[in-house]
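Close look at the chain arrangement
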Amino acid sequence: MTAVVAAPAAAAVKAPGRRSVVRRLARDPAALLASVFLAAVVLAALLAPWIAPYDPFYTDPSKGMRPPFEDAAYFFGTDAQGRDILSRLLYGTRLTLLMGLVALTMGGILGTAVGIVAAFYRRVDGLLMRVMDVLLSFPAILFGLAIAAITGPGLSPIIIALAIATVPLLARISRSSALVIMQQDYIDAARAVGLVDGAIIWRYLLPNCLSSIFVFSTLRFGQIILIGAALSFLGLGAQPPTAELGTMAANGRDFLFFAPHIATIPSLTIFAIVLAFNVLGDALRDILDPRLRY
Amino acid sequence: MAPPILKVDRLVKHFPVTSGIVISKQVGAVKAVDDISFEVRSGETLALVGESGCGKSTTGRLVLRLLERTSGHVEIDGVDIFSLDRQALRKKRRDMQIIFQDPYASLNPRMTVGDVLAEPLRVHEVASGRALRERVEELLRVVGLAPYHAGRYPHEFSGGQRQRIGIARALAVNPRLIVCDEPVSALDVSIQAQVVNLLQDLQAKYGLSYLFIAHDLAVVKHISDRVAVMYLGKIVELTDKTTLYANPRHPYTQALLSAIPVADPAVPHGRGIIQGDVPSPLNPPSGCRFHTRCPHVQDRCKAEEPAFRDLAPGHQVACHFAEEIAVPDTVRARQSSQISDAYRRRLAAYETKQARRQTAVEETIS
């Protein structure tokens, strides 16, 4: 009792069924595999400075374009400048994941805020959602091109473009689940108790929308990485010599016929990460679907 | 007579129906609540009965200003709640609470029961710290739950238990009026009795007034002091319980009462007095709204809307011919339903045993 009333809201939000989510994920082999793979990728990316065998920027033309899996010293071979691909892959994944995370967080928070406000204050609903529709009508690539044209290419304009492209998607998802929650009696109960709007949104509306927002974010993270890599591939993102998966694939494009590994290894990495996020997102949707839970 | 705790005066709620996407214009209005007036006296239970969609729940929500009115007044303790600003309204909410129909939708699944009950206490700064915890425990005990339940989440409880939690939440700030919006409709019959009895005990203990919205006439007969019958957004008859069940004057009330099932094959069944569906509140019938289904309909009913008039002291009816229409046999039969002495004895024995079991359960809980 003592602990319960004093317990912080965050703990209260996550406690029910949290263990069962992990357990149910573990029961789905594909989801389990995806989670383990992603955990390994994240860990490798975080530890890149310590586990990378070489400096990712060190060039040695005499060792250029070594094929993969032949030399234990250069497991994934080397690129045209003789840089170790494994080291660049680790650093590149780090940057790609960071880019995705920052873009998703920015776009997600903003989008969720817009969606929840639109659902709670129906008077601004039409206006807000029409603005979101306008944003939705531009592809992320176009935002990237436009912003890069203004600021010059780099990682920040890509992140901003991806965030902007994510806002309307999350606004729609959070609005639709918030509209369902708004129909629940406990929202009226909170009003009848005399809570202010902010408290109703923060403690009643938002926590109950989180699972669908979370599921969608997982799926969106994969898409963001893909679009971000595409923008980098087009030369709008991280500039050489920075190691980023999309940039690395772009660099290898010229040697596709005689050293295909330079482009394919980072591309396959992107593919695997995106696939894993999609599998995980699908599994989470099945598990966290409120209709199946309560 | 005690002064009214709740006074509803010519309350109207129309939900606009719009069409058009770009330029939306109002094409009509659903007249959910159309000019109703009633009072709830201090310490009494006024039941509001009627079919689904007749505006009962809308009335309940208007009374608490969970919905905005179209016109009319709602006074609680002499204060017009629609004239209050947001701040004052929030303060006033201490006096008026609500119990919902669906115990599965009325509790936030992400909050522990302890937090649910602490919420009103915190909002109205009734208690904090140790006193708050003690009050939460007390509330749980009052509704027949145990203090350790405070740490659990709503989905760990049964429907009846959840409804008790809803009741405890409503009680938390010692309100004077509780709107019970079909509090037992979603529960099993055996649990219904428990919850109804709990509500009655609490009323006696704390001097609560209830606006009891229901469609189950047996429950209403058990709990209410006075009954208002609603049909299509209007109150058609309002009187005390005894008069209503013995001498209903409005044909709609008579039809409702005839339809109560009685576990006695000797009693004639009264189904089929009214046929068809409730007309659309979007376009209610002219004159008396019941004329499309009334067995006693006459020309005057189609043209002229009957006034809600005093038939006798404390008995109001909205029917032109209230004096002339006889109470049908099917209603009368229900009043004097003959149950055999043997059956009555068995029933009494069963009830004593039930009561004893209930006490035993309560003792183990406390």
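Residues numbered from 1 in each chain as written. Chains lettered and ligands numbered in written order. Predicted model: local features only at pLDDT ≥ 70, side-chain atom pairs only at ≥ 80, totals over all residues. Heavy atoms only, no water.

Moving on, we get to the pattern of salt bridges. Side chains that differ in charge, positive against negative, can pair when their charged atoms come close. Residues and elements named next belong to chain B. Tallied over the entire structure, the rule returns 26 salt bridges over all chains. A salt bridge links E44 to R226, with the nearest nitrogen and oxygen atoms 2.8 Å apart. Here E44 is found in the loop between strand 2 (25-41) and strand 3 (45-49), whereas its partner R226 is found in strand 9 (residues 226-231), with 182 residues between them in sequence. Comparing E44 with R226 shows no difference in burial state: the two are buried. Ionic pairing is found between R61 and D181, a salt bridge with its closest N-O pair at 3.4 Å. Separated by 120 residues along the polypeptide, R61 in helix 1 (residues 56-63) and D181 in strand 7 (residues 177-181) bring together distant segments of the chain. (Salt bridge = Lys/Arg side-chain N within 4 Å of Asp/Glu carboxyl O. Helix = DSSP H or I, 4+ residues; strand = E, 2+ residues; numbered from the N terminus. Buried < 20%, exposed > 50% of the residue type's maximum accessible area, 1.4 Å probe, protein only.)

Turning next to the confidence of the model for chain B. All names here are of chain B. Of the residues in chain B, 95% reach a pLDDT of 70 or more, and the chain-wide mean stands at 86. Here helix 11 (residues 329-335) stands out as the least confident element of chain B, with mean pLDDT 72; strand 3 is the most confident, with 94. Among the scores for the predicted complex, ipTM is 0.82 and pTM is 0.80. (pLDDT = per-residue confidence, 0-100.)

This part covers the interface of chain B and chain A. Across the boundary between the two partners, chain B contributes 35 residues, which contact 28 residues of chain A. Across the pair B:R61 and A:D185 runs a salt bridge whose closest N-O atoms are separated by 3.6 Å. Seen at the junction of chain B and chain A, the total is 11 residue pairs in polar contact (both at pLDDT 80 or more). For the side of chain B that touches chain A, the secondary-structure elements that each account for two or more residues are helix 2 (86-92), strand 6 (96-99), helix 3 (113-123) and helix 4 (129-142) of chain B. (Contact = heavy atoms within 4.5 Å. Polar contact = N/O pair within 3.5 Å; in protein donor to acceptor, adjacent residues only side chain to side chain.)

Residue and element names in this part refer to chain B. For S158, the position within the fold is in the loop between helix 4 and helix 5 (159-171). Taking relative accessible area as the criterion, S158 reaches 37% and is therefore assigned partly exposed. In this structure the C-alpha to C-alpha distance between S158 and R332, which are 174 residues apart in sequence, comes to 39 Å.

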